[in-house]
Every structure is written in structure tokens, then in C-alpha cells.
Amino acid sequence: MVREFTRNMFVMLVAIMIGVIIITYFVGDIINRSKIETLNIEHDVKIQDLNSRNENFTNYYLQGSIMMDSAREVREVGNYHFDFALFWFNNALLNMSTSFIQRCIDNCTFAMLNYISSYEKFGESKPYFENALGYTDNKKYGEALGYYINFSIAGQYITLLRYNASDYLRRAAENLSFGNMDNVSLLMENFTLAEDLYAGGLQDYNDLKNQIDGYLFFDPIREPH
């Protein structure tokens, strides 16, 4: 009787131990599955965040680059009209031709319109590069974006100076048509001062452009001066 009881107890203990082992296995499996699922979710979140940062960085950078390229192209059109305006003004000084004076005035007007448009586009490009900075931890990209930001500031500076120079030249041509030579001389002094400042600003502009070329691909745009 005692031996039978002992055997039954042993069987029960074995059954209990097996049950505990099975339960422990299932609990452990559930916990492990939960951990794996959690890791997978965290991994997916990190990938989504990384993709989002990359997409935002690329989006802001490209929009800024497109706006900046447009600013540079419009500025070059302004330079084209500016050169012609100065050409016709110098010819008007020699010949006092009404036709030459009007051509100078017209080209100055076109130059000013392009310069102010370029100034605005350079300004609009800057926030895109500033926003792109918030989506990269890459030191090289951050440094390059800094050059883009400074380049946009330099672009605004030289286009504003050329706008002012064009305005002085146009007013000088208008006074030339009336024979007000004292006003012509005064306005051309202001014109020369603006051009001197422009020459210094252009050097900084070109230095920054060269820095950009050394970091990221920058489409070559014809900007001889």
C-alpha cells in the first residue's frame, strides 16, 4: 500500500515537472517571440525614420539647388543687359546720340528687372538648405550646405550691387539726354563705387562657388563675370 502510494506520488511529481517544463517552454517562447516582434517593430521604425530623413534632406537640397540655379541663370541675363547698357552709354558720351541713350536706358531697365528677380531667387533658395541641415548628421554634407547658404547670401549681395549700378547708369543716361553733365558725373561716381564693391563681392562669390564644386556636384553655369 505504501509502495503503491509512493509510486503514485512519483508519477504525479514527474507529471508536474513535465507540466512545469512545458509551461516554461511556452512562456519562454512567447517572451522570445514578443522580444523579436518588438525588435522588428523598432527596426522598421528606425528604417522608416532614416528613409524619411533621407527623403526630406534630398527634397530640400534639390529644391534649393533648383532655385539657386535659376537665380544664377537670371543673374547672367542681367549681366548681358548690363554690358550692353554700359556699351551704349559710352557710345552716347562720344556721339550724344538719342538712340544710343535710349538703348542704354532700355538695357538698364531689363538688367534691373533680372537682378531683382535673381536677388529674390537667391533669397528663396537659402531656407531650403537651412532645412536640409536638420535632416543630416553627415559632417561633410553639413559643411557643404553651409557653403550653399553663404553662397546664396553672396549671390544676393552682388545682384543688389549690380541693381544699384544699373540704376545709377540709367539715371546718368537720362541726365545725359538733358545735358545735365554735373548730375551725370555725380551719378557715375556712385556707379564706380558700386562696381568697386561688386568686384570684391564677386571674388567672395566665386570663392564659395569653388568650395561647393569641391564638395558636391554643382552644374556648371556660364557666369564669366
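Placed above this text is the structure.
Just so we're clear, the structure is a prediction, and the values are computed from it rather than from any experiment. (Residues numbered from 1 in each chain as written. Predicted model: local features only at pLDDT ≥ 70, side-chain atom pairs only at ≥ 80, totals over all residues. Heavy atoms only, no water.)

Examining unusual backbone geometry
Across the chain, the bulk of peptide bonds are trans and the bulk of non-glycine residues have phi less than zero.
Here is step 1 of the chain: For Met-96, which is not glycine, the phi torsion reads 50° and is therefore positive.
Here is step 2 of the chain: Relative to the helices and strands, Met-96 resides in the loop between helix 1 (2-95) and helix 2 (98-133). (Helix = DSSP H or I, 4+ residues; strand = E, 2+ residues; numbered from the N terminus.)

A closer look at the pattern of salt bridges
Here is step 1 of the chain: Enumeration according to the criterion identifies four salt bridges in this entry.
Here is step 2 of the chain: The salt bridge involving Arg-171 is made with Asp-167; its shortest N-O contact spans 3.4 Å. In this pair, Arg-171 and Asp-167 are both assigned in helix 3 (residues 139-178), four residues apart and thus about one turn of the helix distant.
Here is step 3 of the chain: Through salt bridges with shared partners, a single network forms among Asp-167, Arg-170 and Arg-171. (Salt bridge = Lys/Arg side-chain N within 4 Å of Asp/Glu carboxyl O.)

Looking at helix 2
Here is step 1 of the chain: In this model, helix 2 (36 residues) spans 53 Å end to end at C-alpha, consistent with the 52 Å of a helix rising 1.5 Å per residue.
Here is step 2 of the chain: Capping of helix 2 at its N-terminal end is provided by Ser-97; its side-chain oxygen lies 3.3 Å from the backbone amide nitrogen of Ser-99. (Expected span 1.5 Å × (residues − 1). Polar contact = N/O pair within 3.5 Å; in protein donor to acceptor, adjacent residues only side chain to side chain.)

Remarks on the environment of Asn-79
Here is step 1 of the chain: Summarising the element assignment, Asn-79 is placed in helix 1.
Here is step 2 of the chain: Here Asn-79 falls in the buried class, since its relative accessible area comes to 0%.
Here is step 3 of the chain: When the C-alpha positions of Asn-79 and Arg-162 are compared, they lie 8.4 Å apart, and in sequence the two are 83 residues distant.
Here is step 4 of the chain: A distance of 3.1 Å separates the side chain of Asn-79 from the side chain of Arg-162, its partner in a polar contact. (Buried < 20%, exposed > 50% of the residue type's maximum accessible area, 1.4 Å probe, protein only.)

Quick word on the packing of aromatic side chains
Here is step 1 of the chain: Taken as a whole and assessed by the stated rule, the structure comprises 13 aromatic pairs.
Here is step 2 of the chain: Considering the side-chain rings of Phe-87 and Trp-88, the 5.0 Å spacing of their centres and the 70° angle between planes classify their relative orientation as edge-to-face.
Here is step 3 of the chain: Look at Phe-87 and you get partly exposed, because its relative accessible area is 44%.
Here is step 4 of the chain: For Trp-88, a relative accessible area of 15% puts it in the buried group. (Phe/Tyr/Trp six-rings, centres within 6.5 Å; stacked < 30°, edge-to-face > 60°.)

As for the packing of helix 2 against helix 3
Here is step 1 of the chain: It is the contact of helix 2 with helix 3, at a shortest axis distance of 8 Å, that shows an interaxial angle of 165°. With respect to helix 3, the axis of helix 2 lies roughly antiparallel. Here the hand of the crossing between helix 2 and helix 3 comes out left-handed.
Here is step 2 of the chain: Taken together, the residues of the contact of helix 2 with helix 3 sort by class into 23 nonpolar, eleven polar and six charged. (Axes fitted to C-alpha atoms, helices over the stretch in contact; angles between N-to-C directions. Parallel < 35°, antiparallel > 145°, perpendicular 65-115°, else oblique. Left-handed = near helix turned anticlockwise from the far one by under 90°. Nonpolar A, V, L, I, M, F, W, Y, C, P; charged D, E, K, R; others polar.)

Some thoughts on the nonpolar core
Here is step 1 of the chain: Phe-89, Cys-104, Leu-169 and Met-188 are the most contacted members of the largest nonpolar core, which totals 22 residues.
Here is step 2 of the chain: Elements that contribute at least two residues to this core include exactly helix 1, helix 2, helix 3 and helix 4 (181-215).
Here is step 3 of the chain: The leading source of residues in this core is helix 2, at seven residues.
Here is step 4 of the chain: When residues no more than four places from it in sequence are discounted, the contact partners of Leu-169 are Ala-85, Leu-86, Phe-89, Cys-104, Cys-108, Met-188 and Phe-191.
Here is step 5 of the chain: With 20 residues, the next largest nonpolar core counts Phe-122, Phe-129, Ile-158 and Leu-161 among its residues. (Core = buried A, V, L, I, M, F, W, Y, C linked by side-chain atoms within 4.5 Å. Contact = heavy atoms within 4.5 Å.)

Purely geometric stuff here, so don't read any function into it on its own.
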